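Structural features, examined
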There are 2 protein chains.
Amino acid sequence: MGKNLTKRSEDYSKWYNELVMKAELAENSAVRGCMVIKPYGYAIWEKMQAQLDKMFKETGHENAYFPLFIPKSYLSKEADHIEGFAKECAVVTHYRLKNAEDGSGVVVDPDAKLEEELIVRPTSETIIWDTYRKWVQSYRDLPILVNQWANVVRWELRTRMFLRTAEFLWQEGHTAHETKEEAIAEAEQMMNVYADFAENFMGVPVIKGVKTDSERFAGALETYCIEALMQDGKALQAGTSHFLGQNFAKAFDVKFANKEGKQDYVWATSWGVSTRLMGALIMTHSDDNGLVLPPKLAPIQVVIVPIYKGEEQLDAISERVEPLVKELRAKGISVKFDNRDTHKPGWKFNEYELKGVPVRLAIGMRDMENNTFEVARRDTLSKEVVAADLVVDKIETLLEEIQENVFNKALEYRESHITKVDTFEEFKELLESKGGFLSAHWDGTAETEDKIKELTKATIRCIPLDAEKESGKCIYSGKPSNQRVLFAKAY
Amino acid sequence: MGKNLTKRSEDYSKWYNELVMKAELAENSAVRGCMVIKPYGYAIWEKMQAQLDKMFKETGHENAYFPLFIPKSYLSKEADHIEGFAKECAVVTHYRLKNAEDGSGVVVDPDAKLEEELIVRPTSETIIWDTYRKWVQSYRDLPILVNQWANVVRWELRTRMFLRTAEFLWQEGHTAHETKEEAIAEAEQMMNVYADFAENFMGVPVIKGVKTDSERFAGALETYCIEALMQDGKALQAGTSHFLGQNFAKAFDVKFANKEGKQDYVWATSWGVSTRLMGALIMTHSDDNGLVLPPKLAPIQVVIVPIYKGEEQLDAISERVEPLVKELRAKGISVKFDNRDTHKPGWKFNEYELKGVPVRLAIGMRDMENNTFEVARRDTLSKEVVAADLVVDKIETLLEEIQENVFNKALEYRESHITKVDTFEEFKELLESKGGFLSAHWDGTAETEDKIKELTKATIRCIPLDAEKESGKCIYSGKPSNQRVLFAKAY
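Parameters and conventions
Residues numbered from 1 in each chain as written. Chains lettered and ligands numbered in written order. Predicted model: local features only at pLDDT ≥ 70, side-chain atom pairs only at ≥ 80, totals over all residues. Contact = placed C-beta atoms within 7 Å. Nonpolar A, V, L, I, M, F, W, Y, C, P; charged D, E, K, R; others polar. Least-squares fit on C-alpha atoms with pLDDT ≥ 70 in both. Pairing = 2+ DSSP bridges. Helix = DSSP H or I, 4+ residues; strand = E, 2+ residues; numbered from the N terminus. Axes fitted to C-alpha atoms, helices over the stretch in contact; angles between N-to-C directions.

Quick look at the interface of chain A and chain B
It is common to give the size of an interface as the accessible area lost on bringing the parts into contact. Contact residues are listed per partner, giving 54 residues for chain A and 52 residues for chain B. For the side of chain A that touches chain B, a count of residues per class yields 33 nonpolar, ten polar and eleven charged.

Written as structure tokens, this is what we have:
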């Protein structure tokens, strides 16, 4: 159909980049590693935001906003945190430009050097915990359940649109609690909220688990995560929720008077998902014809394309279509009637396929006579002719079916790509031939984890929460292990 | 009532700062000039955003996202633009920190110096027009109607929460058009959208006008604005919409093939409002008891406070209140039933007055017996007893009345503070004694404008769009003038 999209089987990575561009989701900007999120891509992100925001509020969270800049010294206050983030940040050193003396443009004004450099936030734990110190005196001030929608910057060397960019958009929840138990429950709750969102809105099946010591967030005691599997057999971390213990409270001296009147440090969590989810969404469902979107996140759920010759026919079709558009909109379904005269129906079919619109209606003179519509679904590319008086019901059913189908298809792929392996030879062989998650025993040491990564590029994606206890031997060291963990190559 | 709020008549500026803090809207952060927007303040901003976003979409705009960073050389491409913004920007010069050799913390890694410095966006015309070059080839690609919700940074020396902060949140619309007429119509349309929002949602009356040459946006041919008047007689620019001509298209070489097949430069607009609107909202309506919020932007529209002794009474009241809460919520009214046992009713009354909740219901045992509620409105501080079966209607009416009343009150103040003056002596005298807008003749020169500013601190807020043509003499120079303009001291 002339989309000129590289096939996934040929070059998955190239297919992804082309799709992001051609479906007008995003493009690279002139600023190294920073992308422009185009209106169609941003519309999907807005739908994600709206749903997540609703779920955060339903679980008692409020939004707030903290500064973009973090004083350099703050980053050093939590020892692990600085190790994890210092290597990749944008540093503001000056606050003024001036005209170059030779008239060649503008230069940094050396007189406007900051006393202390400011870091563009890579994440906001430090500035937020510095603020919470002022908010918390007693247990009555707890819990603090705050979320922030923001941009963050991490200076990545190798970037890919949505998956890894120097600047990205995300939300970061930062909560403060009286007890360890409450903080752990919060971190687990938010992992569950993320899993619910990924599966029931994005249609992306995920595995819940915890990270190993080496993969844990810098400053956390436990990192809960949801891991998804892309169509090329590589895993993608879709969201993380951290139990931070009292690390940040200690670093920023955030104490409270507990119910017994004693001073204690506050317990913390943080949790976030980012525009990376866009990458997960694209790579989980899309095909060689373009994007496939789950109806719940599709900016346009139904597109109607008229097939006509001349204005008279278009007028007749429009008259038939307009009440349908109204009826669908009244049901909360987003519909586009593409009556542009500048493009042919074939071009439009192609365009909406590329953009992943879940349901496409076409109506020509034959349909006008028979009082029918041709109804096509994007996920299966199948078509059928539906009587006009049944078409609204049909669309409603289809949107539900497509939502379910994209999830089930992804789940089936994921399930068939979790493979138990018991030897390192088999591990290496399967990682290359089949990919996906390899469920294997591991001796629990960072040394083995590092060695396996070095030899195969596979990392431990998570220790699944639902893993059965099972005695076994580490695939690499042969040392005893009591449960399997999931390895994979990952984005 | 123990709010310890400075009176407006004593020190308006102190009153404002205290109110922002005590009503938990925002606070200063550890980063110079950057504020923390607290959950209650952010909830108001979210309501503003939601309404504005709806209005932008209704007028055909889509959201997108562009990079936070702007290469230094981009700022120089439009000559006026760089003059206006270069003096106040955060400059990123390095992309890495490293551990200090003496173990004292982290330092900037001198090896990680950027080849070209990056500016944290003070506004995004340059990076966006650099992007539009790739989006536009022919008239078929126009118009581009894009908006961005983002944070921006301008290095201000003297900052005040919401009114002037180094980092602030805003939206910036950037549109591209085929013709001059279309671009001007767009700029005017967005000024009207802002005025509609200010008056009908914020309850803030505004004057529409255009800026003089010296007050115009750096790079614009015309700046449309809406100007509001605060209770202390100072004006506040609440929103601007710029007709940019072909300046940015020329600077970034954005051409298109027009309908005649000829290459032409694209016509541009940009328009924005920011968290500064929060300042306008606070200063327009609030009083010595605290915040007064228009119902359409109040995070909590109705609060219900039970007056009781012991659990049994609270249970009885709760049983009466809960169906009411449900009924109000079903009508889309946001209600809080504050049944906390940790605070007394008097404390709660005080708190919600401070936070500007439009309607407060109280219910005690007497009301239980009489089947009534005490209903208080925040704007007038008046109270009345209302029969339970009439209370929902009463609340609905009250919310409308309060919305109208706060606007009318502000309008009345504004109208009584536009004074025609014809001599410079009178001008100076009234500016100090009464304040507000002074409607006066001006000779149209920047010299006179500067001189008046130097002598009085008053600036020309705008040339009102609805100003009558009238022959007169400039209050300062005595030279001829054909219409009055509005002067004021301003935030």
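The discussion continues.
Here we look at the relation of the copies chain A and chain B
In screw terms, the move from chain A to chain B is a rotation of 180° and a rise of 0.0 Å along the axis, fitting with an RMSD of 0.0 Å. As the rotation angle and translation indicate, the two copies are arranged about a two-fold axis. Across chain A, the smallest distance between a C-alpha and the rotation axis is recorded for Val 92 of chain A, namely 2.1 Å. Take the interface residues of chain A: 96% of them recur as interface residues in chain B, which is what a same-surface contact looks like.

Brief notes about the sheet that holds strand β20 (residues 372-377) of chain B
Residue and element names in this part refer to chain B. In spatial order, the strands read β18-β17-β19-β20-β21; together these five strands make up an open sheet with mixed pairing. Of all the strands in the sheet, just β18 (335-337) and β21 (383-387) have a single pairing partner and so form its edges. The sheet shows a mean angle of 25° between the axes of neighbouring strands, direction not considered. Where strand β17 (residues 302-306) lies against strand β19 (residues 359-363), five bridges are found, and the strand directions are parallel. Paired with Ile 304 across the strands is Leu 361, a residue of β19. Each of β17, β19, β20 and β21 touches helix α12 (residues 391-415); the most contacted strand, β20, lies at about 5° to it.

Observations concerning the sheet that holds strand β5 (residues 91-94) of chain A
Judged by pairing direction, the sheet is antiparallel, and its six strands sit side by side in the order β4(A)-β8(A)-β5(A)-β5(B)-β8(B)-β4(B) without closing on themselves. Single-partner strands in this sheet number two, and they are β4 (69-71) of chain A together with β4 (69-71) of chain B. Direction aside, the axes of adjacent strands within the sheet are offset by 45° on average. In this structure, β4 of chain A lies alongside strand β8 (residues 113-120) of chain A, joined through three bridges in antiparallel fashion. Bridging from a neighbouring strand, Ile 70 of chain A pairs with Ile 119 of chain A of β8 of chain A.

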